[in-house]
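The lines below spell out each chain.
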There are 2 protein chains.
Amino acid sequence: MTDKYRILLEPDSLRLTAEHGANLLDVIRHAGVGIAAACGGDGVCGTCKVIIEQGCTGDTRYLNLSQEEIENGVRLACRYEVESDLTVRIPLQSRAPASDGHLRSLSTSEEIMAAENWRFAPPVFKIFLKLTPPALDDNISDLSRLENALLSQGIVDFRIGLAIVKQLPAVLREGDWALTLTLSKESGGLRVTDIQPGDTRVSLYGLAFDIGTTGVRGELLDLIEGRVLAQGVEYNGQAVYGSDVISRIAYAAKTGGLPALQQAVLNTLNNIIRQLTEHGGVPCRDISHVMVAANTTMVQLLLGIDPKYLRLAPYVPAVSAPPTISAGEIGLETGPGVPVNIVPAVSSYVGGDIISGLVGTGIFQRGETVLYIDIGTNGEIVVGNADWMVSASCSAGPAFEGGGIKHGMLATSGAVEGFNIDNAVDEPVINTIGQARPRGICGAGLISTVAALFKAGVIDPKGKFQAGVTERVRIGTDGSEYVLAAANTTETGQDIVLTEIDLDNLIRGKAAMYAGYQTLLSSVGLSFNELDKVVVAGTFGSHIDVECAIAIGLLPDIDRDKFIFAGNGSLLGARLSSYSTELIEAGRITAKLVTNIELSDSASFMDNYMAAMFLPHTDISLFPTVISQPNHFAGGSGG
Amino acid sequence: MTDKYRILLEPDSLRLTAEHGANLLDVIRHAGVGIAAACGGDGVCGTCKVIIEQGCTGDTRYLNLSQEEIENGVRLACRYEVESDLTVRIPLQSRAPASDGHLRSLSTSEEIMAAENWRFAPPVFKIFLKLTPPALDDNISDLSRLENALLSQGIVDFRIGLAIVKQLPAVLREGDWALTLTLSKESGGLRVTDIQPGDTRVSLYGLAFDIGTTGVRGELLDLIEGRVLAQGVEYNGQAVYGSDVISRIAYAAKTGGLPALQQAVLNTLNNIIRQLTEHGGVPCRDISHVMVAANTTMVQLLLGIDPKYLRLAPYVPAVSAPPTISAGEIGLETGPGVPVNIVPAVSSYVGGDIISGLVGTGIFQRGETVLYIDIGTNGEIVVGNADWMVSASCSAGPAFEGGGIKHGMLATSGAVEGFNIDNAVDEPVINTIGQARPRGICGAGLISTVAALFKAGVIDPKGKFQAGVTERVRIGTDGSEYVLAAANTTETGQDIVLTEIDLDNLIRGKAAMYAGYQTLLSSVGLSFNELDKVVVAGTFGSHIDVECAIAIGLLPDIDRDKFIFAGNGSLLGARLSSYSTELIEAGRITAKLVTNIELSDSASFMDNYMAAMFLPHTDISLFPTVISQPNHFAGGSGG
C-alpha cells in the first residue's frame, strides 16, 4: 500500500495526492485553491470549514463546530489530517473572497492533467436589482427604470434585445419590482440574456458539450460551485448521413442536406439536454450558458453554415472563431437568449475540439514539449508547448468510437472495454463498463481485444484471422470473425463478434494516426524520444491500456511514463471554459498560436500511412518492445 | 402674379422661394445646401452642374456643357437665372465633399416647415471591400479575412451575427472576393446588417413608416440621393379588433389577442412594402433600413409587447426608447437583418409619432412658442420650443381618418376632400382627391362638409340635422342623414351620406382635441393668442381648410397667419430621421425634454370637453369670427 492518498477536491473536481498525515488546509492551499482561514490555521476561527464527503471522519474532538455540522461531515481543514483517500468539498462560505475570484491550480497526477491558475469567473453572471415602483409622477418606461438601476450599479454599456424587453413588464410586476438579470460577457460587451422575478442568484447553470463526429457528450454544470451535476452521451444523429466529416460534407451539398444535418445534431443535443436537466433536477429554463467544443465541420453544421469549402482546396472555413450566438438562433432547447460560446478552431481540419483539449489540459501554459493526440473519427495531433504549436489532422474513421465496427458501441454500460487471454485462447476474460452483460465493443475494448488476439497469434500482422489457432474463429456473414462472447452470455442475446472488416477499419484508423504523428514530428525536426510527454485524449472509453495501444501500433513505442491519458480533452476544455472567461480567452490565443500543416499536401504522409498498415508496423524497429512479445509473427511484418 | 418663384430642390426635397432673376447658385448656397463651385461661380469650372427638371430652360448659350447634357436639362447653377417656378436636382457629383456630409436647411413657407441644418448621414451605410483570395498558405477563415480587411479600413469594433456569417462563403465566392457590407450605426456600435457580392454602393434604400391607429403610411426612400421614391397608405389591419388604442389594448388581453394584433399590423406593413418596392422598382432585398414612428401602443403591438400596463395607472410603457431591432425579429418582409429604428416616446399616451413630428417640423430647434397639434385617432398636443415642451394626449377617435364614419375612407383617390354650398343647398360642389368619382369621405372632407352644412343651417350646433332646410336630409337606416352624392354619381353606385352618428363622432373628436389644447395651455399659463405658431399635423387629408376647421371648433379662432399645416408630421420625421442620425439623436433628446401631463387626471379637461360638445363651442366668445358667419344658429349655442 502506498503512503500517497488520492483526494478529489470539489467543487473544483481537482484531483490531488497527499502524504499520510498531511494537514488538509496545507494540501488545499498548496493546490492554489482559495480557502478562508482567518486565524491562519490555528483552529480557532472556524472559517476553513470543509465537508468530508468520502473517507475517514478524522478526529472530531475539540472542534469549533456544532453537533449537526459534525454529523454532516463538516470539519475544519486546519485540524484534519489525511489518513485515507478522500472526497472533500469546500463550501462557498469557506472560499476566498469572491470579489477577487479565486485562482485554481491542478497538480497533475498520472491520470489527469488540467489547466492551472485560472480565475473562477464564468462568462455569464447574475445581478439582483430592487427597483423603485412607478407612480403617476414617476412613470418612465420599464426599460428606462431598469437602465437607470443598472446605471446606479455602474453598468452603462450593455445590450438588451427585444425578447427580454417583451418579458420585462410581467417579470417586474411578478417580482414586485425585484428582479435578477443574467448578463453574458461577449466581445461586443455585456448582453442581458435573461430576466427572472425576485432574487435567483443562488443558482446558475451551464452546459458543456463536446460534439464529436460520432459521439456527442454533454455535462450539466453548476456555475456557482463549479461542479459537474450530470453527464450524458449519445451518438451524433448525423451518423446516419455518413460516418466521417467528408461524407457529411458531401451529404450537406444535397438538396435539403444541410438543414437535415443541422437538425440531426440539434436533436441529439436536445436529447442530451433533456437527460441532463432531468438527472440534475434543473429546469431547462435555468440554463444560463452553453459552451461547445467541436471540430470545424461539426461547428458549421451545427450553425447551419454550408461546409462545402472545408473540403475544397485551399480548405477555408467560413468561420474559425464564431461570435457568441443565442440558443434560439439555432434551436437549442434552452431559453432562446442563452449565449452559446464555441471554442475557436485553427483551420478546416483542426477544430475547436483540439483547441479545447489544449486549453483544458493546460498544454497552452506549459514549457515542456508535448505531443497531444486526440483519437477520434477526425484524429487530431498537436506538438509544441506554450510558445509554439504545430497541428495536423487525419481521418481515422469512427472505429475508436465503436463506429464502423459490427458490434461497436459508445463507451457506455455493457461495452467491452477490456479483453485478455490468460492461457487458453478459447477462454478470454472480458471486462465491460459497469460490469454489465456485454452489449458490444467500445474503442478501448477494440484496442484491447485486437492487441490480445494479435499477441496470441489469432490475428496476423496483416489483420487477418489465422485458422486453427482457436475454435472461436469462424466464417460469418461478413467473412472470418472471432466470437468474443456467445449469445447466451450477452445482453443482446446474440453472439458478439469481431470481423476482418472491423480489423481492417481499425488498422486504417491506427495507421492514419501513427502516420500523422510521424509526419508532423518530422516536419518540426523532432523524434518520438525527444518528447517530454504524450497526452492522449479521446472518447474511446474511460481508459485504454497503453501496452495494448502500442502493441497494435496506435501509439509510439516509447517510455511508458511519458504517456498521460486525459480522457475527453475537448469536453474538459469546454467545462473549464464554462468556469472561466480566462480560459475562453486562452482558447482564442491558442487558436492563433497553432500553425497547421495539411497532411494531405505531404507526400511523406501517404508513405507513412501505407507503412503503418500492419500490426504494429511494417518497420518493426519502431516497436522494439512489441517485437519481444511472444507469439509475434516474425515473418509477417515484411509483407 | 408674384415676383417670388417656388423652387423645389431635389434630392433634398427642399422648398425655397426666389426673386425673379435670382442667381440659382446663390439661391442654393443661401439655403445652406452644399454645392461644388470650384471657380467661385464664374462659369468656367463646370462643377456646379444642376438638372432643371421642371421650369424654364434658361439661356443655353456659352455653357461649358455637352449637347447631350443640355438636352437632358443640365445647367450650370452659376449661369442660371430664376424666371419661373422650378424643380432643380443637384446631382451627387455637384455636391460638396461627402466626407464632411453636407448640411441641409429648409426655409419655411406657408405650406411646410421642416428641420434645418442637419447633416445627411443615414443610420446605415455601405462599404466596399476587395479581399485577397485565400491560398493554401493563407487559408484563414472567411470571417477572419473579412475582419482583417475591415481592420485595415480602421473598423475594429463591429458586430456580425450568425445570419451574415452563414451567407459569407457564397457571397465572397460569387463576388470573386469583392463584396459590399451594409453597416448599421446602433447604440451598441456598428453592426453588419447585410453583405452582397461585388460593389453595390450605387444604391441604398430605406423605408419610413408612420403607423397610426387607423391608417399606416409608408415611403420608400433613396438613402443616397435623399428622396422619396414611392408612397403608400393602408388602413391598419388592427382596425377590425377595435377602433382606438383602448379597445386594441383590451383585445390584446384576450387569448391570442396580442399575436393577432401584431400579425395584423405586420400584414399591413408588408402589403405596403410590396406596393412601395414594386412601384419604386426596388427589390425588397435591397431595403437597408426601416424607420418607424408610431404611438406607444402601436409600437408595443408591433413588437409583440403586452400593452396591458399602458392603460393601468400609473400608465407605464414597457419601453419608450426601443433598441434597434432586426426586421426578422418581428417578421417584416425585408431582409431579416435589416435594422428597424423606432422614434422614442415620452409616455404611454404621447408616443414616438409626436416626437417624430416635433423633430420633422424642426420645432425642437426653434425659439418661437409653438402649439403642435397632431390630429389623429390618438390626438396629441405639445406646446413649447427648443428649451421646454409640455405634452398631452386625448382620444379623438378615428373620425378624422375616416374611421367610425359611415362612408368614411382614408385620404386616397375618390375621397371627398372639399365640399361647398354656393347658393342652393340642394346643389353642393364636391371635390375629390384625384378628381375621381366619389367613393367616400376623408377627414378633410368631413370637416369641410360639416362646416358648410353648419353654416348653411342644415346642421344645428348640437350636431343634429334640421328638417326642412334641404331635401337632401332624409331618414336612413341609421336615423337622419344628408346625401352628399347620389348613387348615380358615385364610384360605388351607392348614395354617399353623412349620418347623425357620424356627426356625433366628429363632434366628440373635435371636442376632445379642443379641450386638450385648452387644458394644456392653461396648465402652462398661456392663452391661444400668446402662441407664435400653431402647427397642425395629421393624416386627415392633404389639406384642411383652416376656416372650416375653426368653424366647427376643431382649431382655435385666432390669427390665420399663425397656422402652419405640416401634413403628416410623424412620417416627415421618420423620413428625415432616415436621412440623418443627427435627427434620430434629436428624437432621443426631444423625448427626454418633453414633460407629459395626463389629461385624465385633470378635472378641467372633462369640463372643457363637455363645453366643446357643440358647434363650434358652448362658449361662443371663444369663436368671434365664427359668430359673424351668416346662417349661424345664434340661439342654439347656449343649449
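Computed from a predicted model, the values in this text were never measured in an experiment.

1. A closer look at the overall build of chain A
Each helix and strand counted, chain A has 16 helices and 27 strands in total. Going through the 639 residues of chain A one by one, you find that 60% of them count as buried. Expressed as a percentage of contacts within chain A between residues at least 6 apart in sequence, the contacts between residues at least 24 apart total 66%. Per element, the accessible surface of chain A, about 23,900 Å² overall, is 49% carbon and sulfur.

2. Structural notes on unusual backbone geometry
Residue L615 of chain A is joined to P616 of chain A through a cis peptide bond whose omega torsion reads -15°. Looking at where P616 of chain A falls in the secondary structure, it is placed in the loop between α15 (603–611) and α16 (624–627). A cis amide bond links A313 of chain B with the next residue in sequence, P314 of chain B, at an omega value of 5°. As for its position among the elements, P314 of chain B is in the loop between α7 (296–303) and β14 (325–326).

3. Re the sheet that holds strand β21 (residues 440–441) of chain A
Residues and elements named next belong to chain A. Strand order in the open sheet formed by three strands is β20-β19-β21, and the pairing between neighbours is mixed. In this open sheet, the two edge strands, each paired with only one partner strand, are β20 (429–432) and β21. The pairing of strand β19 (residues 415–420) with β21 spans two bridges and is parallel. Across the sheet, the residue bridging to V416 is I441, located in β21. Across the sheet, helix α10 (residues 443–455) touches β19 and β21, and the angle it forms with β19 is around 20°.

4. A short note on the confidence of the model for chain A
All names here are of chain A. Per-chain confidence: chain A averages 87 in pLDDT, with 89% of residues scoring 70 or above. Taken together, the stretch residues 632–639 has pLDDT below 50 and engages in 19 contacts with residues farther than four places along the chain or on a different chain. Interface scoring of the predicted complex returns ipTM 0.77; its pTM is 0.76.

5. Remarks on the interface of chain A and chain B
Contacts between chain A and chain B engage 35 residues on the former and 35 residues on the latter. Summed over both sides, the interface between chain A and chain B buries roughly 3,100 Å², with carbon and sulfur atoms accounting for 67% of that surface. The tally of links from chain A across to chain B stands at zero salt bridges. The interface formed by chain A and chain B contains 12 residue pairs in polar contact (both at pLDDT 80 or more). Residues that form the side of chain A that touches chain B fall into these classes: 23 nonpolar, five polar and seven charged.

6. Some words on the pattern of salt bridges
In the structure shown here, the tally under the stated rule is 46 salt bridges over all chains. For E225 of chain A, the salt bridge identified is with R89 of chain A, shortest N-O distance 3.4 Å. Of this pair, E225 of chain A sits in the loop between β11 (215–222) and β12 (227–235) while R89 of chain A sits in strand β5 (residues 86–89), and the two are 136 residues apart along the sequence. Of the charged contacts in the structure, one is a salt bridge between D199 of chain B and R201 of chain B, with a shortest N-O distance of 2.7 Å. Its relative accessible area of 41% is what places R201 of chain B among the partly exposed residues. Each of the salt bridges in this network shares a partner with another, and the network as a whole consists of E53, R89, E225 and R227 of chain A.

7. Details of the packing of aromatic side chains
Scanning all chains against the criterion turns up 22 aromatic pairs over all chains. When the centroid spacing of 6.3 Å and the interplanar angle of 20° are considered together, the rings of W118 of chain A and Y579 of chain A count as stacked. Pair noted here: W118 of chain A is in the loop between β5 and β6 (124–130) and Y579 of chain A is in helix α13 (residues 569–579), with a separation of 461 residues, a long-range link. When sorted by exposure, W118 of chain A lands in the same class as Y579 of chain A, which is buried. Ring geometry for F419 of chain B and Y482 of chain B: centres 6.0 Å apart, planes at 75°, overall edge-to-face. One end of the pair, F419 of chain B, is in strand β19 (residues 415–420); the other, Y482 of chain B, is in strand β23 (residues 479–485), with 63 residues separating them in the sequence. Residues F419 of chain B and Y482 of chain B agree in their burial class; the two are buried. An aromatic cluster is defined as three or more aromatic residues linked by ring pairs; in this entry it consists of Y514, Y517, F528 and F623 of chain A. Directly above the ring of Y309 of chain A sits R173 of chain B, whose terminal nitrogen or CZ lies 3.7 Å from the centroid.

8. Considerations on the relation of the copies chain A and chain B
For the match of chain A to chain B, the screw axis carries a shift of 0.0 Å, the RMSD comes to 0.2 Å, and the turn is 180°. Viewed as a symmetry operation, the transformation between the two copies matches a two-fold axis. Taking C-alpha positions as reference, the residue of chain A nearest the rotation axis is G188 of chain A, located at 3.8 Å.

9. Digging into the environment of H617 of chain B
Residue and element names in this part refer to chain B. Structurally, H617 is set in the loop between α15 (603–611) and α16 (624–627). Counting along the chain gives 63 residues from H617 to L554, while the straight-line C-alpha distance between them is 9.5 Å. Among the polar contacts listed, one links the side chain of H617 to the backbone nitrogen of D619, at a separation of 2.9 Å.

10. Comments concerning the packing of helix α9 (residues 352–360) of chain B against helix α13 (residues 569–579) of chain B
Residues and elements named next belong to chain B. Taken N-terminus to C-terminus, the directions of α9 and α13 make an angle of 70°; their axes are 7 Å apart at the nearest point. Between α9 and α13, the interaxial angle falls into the category roughly perpendicular. The chirality of how α9 crosses α13 is left-handed. Note on element contacts: α13 touches α9 through G569, S570, L572, G573, A574, L576 and S577, opposite D353, S356, G357, V359 and G360. Across the contact of α9 with α13, the residue classes tally to four nonpolar, seven polar and one charged.

11. What to know about the packing of helix α6 (residues 257–280) of chain A against helix α7 (residues 296–303) of chain A
All names here are of chain A. It is the contact of α6 with α7, at a shortest axis distance of 7 Å, that shows an interaxial angle of 95°. Taken as axis vectors, α6 and α7 run roughly perpendicular relative to one another. Taken together, the residues of α7 that come into contact with α6 (itself represented by L258, L261, Q262, V265, L266 and L269) are L301, L302 and L303. For the contact of α6 with α7, the residue count by class is eight nonpolar, one polar and no charged.

Parameters and conventions
- Residues numbered from 1 in each chain as written.
- Chains lettered and ligands numbered in written order.
- Predicted model: local features only at pLDDT ≥ 70, side-chain atom pairs only at ≥ 80, totals over all residues.
- Heavy atoms only, no water.
- Helix = DSSP H or I, 4+ residues; strand = E, 2+ residues; numbered from the N terminus.
- Buried < 20%, exposed > 50% of the residue type's maximum accessible area, 1.4 Å probe, protein only.
- Contact = heavy atoms within 4.5 Å.
- Areas by Shrake-Rupley, 256 points an atom, 1.4 Å probe, with all protein chains shown as cover.
- Pairing = 2+ DSSP bridges.
- Axes fitted to C-alpha atoms, helices over the stretch in contact; angles between N-to-C directions.
- pLDDT = per-residue confidence, 0-100.
- Buried area = accessible area lost by both parts, 1.4 Å probe.
- Salt bridge = Lys/Arg side-chain N within 4 Å of Asp/Glu carboxyl O.
- Polar contact = N/O pair within 3.5 Å; in protein donor to acceptor, adjacent residues only side chain to side chain.
- Nonpolar A, V, L, I, M, F, W, Y, C, P; charged D, E, K, R; others polar.
- Phe/Tyr/Trp six-rings, centres within 6.5 Å; stacked < 30°, edge-to-face > 60°.
- Lys NZ or Arg CZ within 6 Å of the ring centre and 35° of its normal.
- Least-squares fit on C-alpha atoms with pLDDT ≥ 70 in both.
- Parallel < 35°, antiparallel > 145°, perpendicular 65-115°, else oblique.
- Left-handed = near helix turned anticlockwise from the far one by under 90°.

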